[in-house]
Amino acid sequence: MTTAASFQNLSKKFGEAIVLENINFEVAEGEIVVLLGASGSGKTTILRIIAGLENAETGNVILHNKDVTELPARERGVGVIFQNYALFPQMNVEENIGYGLRLRKKPKAEIKERINELIELVNLQEHRKKFPSQLSGGQQQRVAIARALAYNPEILLFDEPFSALDAQIRQRLRREIRQLLKKINVPAIFITHDQEEALEIGDRIAILNQGRIEQIGTPFDVYNKPETEYVATFLGAANLILGVVNNDVFEAENIDLKISYDISHKFKNGQSVKLIFRPEDVFLRKPENLTQNYQKLIDGWVNEVSFVGAFERVSVQLDFTNKQTIIVTRPKSETDNFSLKSGQYVEVGLVRFRIIPNFTLSSERGSRLI
């Protein structure tokens, strides 16, 4: 895919505090990249640097092979959709969309034609004469996107665009926005702290922690192949067990889990590691009907069973001296066939897991799987 935007070695300080450190990533033409992180992770600062609203200490912003690092915001060709949409309340839909074109003194006929194209694109034909106060949150957001698209931006930046909406509208709107972006083929960067939103809308996700990118990859890869403990625990729930690798076996108290040579040869014998597995990758009975690879982990006791809508959440105490507990989620198909109750003795097995070096979280930051 053709690279549309490249961000190289971006760093930023506020006083003595390092806000960003050596940020590097690219966005392909028509690609959606999500910057995901907790408050204070640096994602908003990256967005402001790309938009030209903030200056980086070091690094370059490249848009369609043009270095725009020193250009002011108005000359970068960047469209920004803010959290509060920033629509002009005294202007109707048509006037809001055409504002940037009028500012650039485009011919009236060209402005009218472009407004009509964009209103149809964002499906607001019946609302073109309405003011922002007469529109729903989702409609206001589509106006903001149309306004940003009016002057053919090099890239679109979305600053937590769904956070002000309720859950059902958020789910519907992010699907609509993703479809719209794929239709117009404009590269886009979203920032969010919502993991589900990131997984659903992004082609790739960059997970930020304390001003550095911990991992960047497809939603599937960052969820199923976390490279650090931070990624595993921030992006969804994860169980962790501390142990060592010896030859082709992960060893911990009462656990001897076979691992492939492809994994084991990356570690020295006796090296301290962490076994990471998602709650949905655990089964609590023998795998008579499973088609996936399955290995017994250990036995344990059911502590608690909770009904959580689409699935069941089970807390299981492992047969460990320290009484370590893991969380398991079970779909309805499993709960119907094999019910559980508190105190029940179960066999704990895994269909998928990950092994990473045992770095402490402070030194693990920004590491890669060896």
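This text follows the structure it describes.
In what follows, the accompanying structure is described.

This part takes up the packing of helix H2 (residues 93–103) against helix H3 (residues 108–121). Each packed pair of helices is defined by two parameters, the angle between the axes and the distance between the axes. One way to put it is that H2 packs onto H3 with a least axis distance of 10 Å and a crossing angle of 130°. With respect to H3, the axis of H2 lies oblique. H3 is crossed by H2, and the crossing has right-handed handedness. Here Val-93, Glu-94, Ile-97, Gly-98, Leu-101 and Arg-102 of H2 come into contact with H3, specifically with Ile-111, Arg-114, Ile-115, Leu-118 and Ile-119. Residue classes in the contact of H2 with H3 are distributed as seven nonpolar, one polar and three charged.

Attention now moves to the packing of H2 against helix H4 (residues 137–149). Viewed as axis vectors pointing N to C, H2 and H4 meet at an angle of 30°, and their least axial separation amounts to 7 Å. Here H2 is positioned roughly parallel relative to H4, judged by the angle of their axes. In the packing of H2 onto H4, the handedness of the crossing is right-handed. Here H2 contributes Val-93, Asn-96 and Ile-97 to the contact with H4, which in turn contributes Val-143, Ala-146 and Arg-147. Across the contact of H2 with H4, the residue classes break down as four nonpolar, one polar and one charged.

Criteria and cut-off values
- Residues numbered from 1 in each chain as written.
- Predicted model: local features only at pLDDT ≥ 70, side-chain atom pairs only at ≥ 80, totals over all residues.
- Heavy atoms only, no water.
- Axes fitted to C-alpha atoms, helices over the stretch in contact; angles between N-to-C directions.
- Helix = DSSP H or I, 4+ residues; strand = E, 2+ residues; numbered from the N terminus.
- Parallel < 35°, antiparallel > 145°, perpendicular 65-115°, else oblique.
- Left-handed = near helix turned anticlockwise from the far one by under 90°.
- Contact = heavy atoms within 4.5 Å.
- Nonpolar A, V, L, I, M, F, W, Y, C, P; charged D, E, K, R; others polar.

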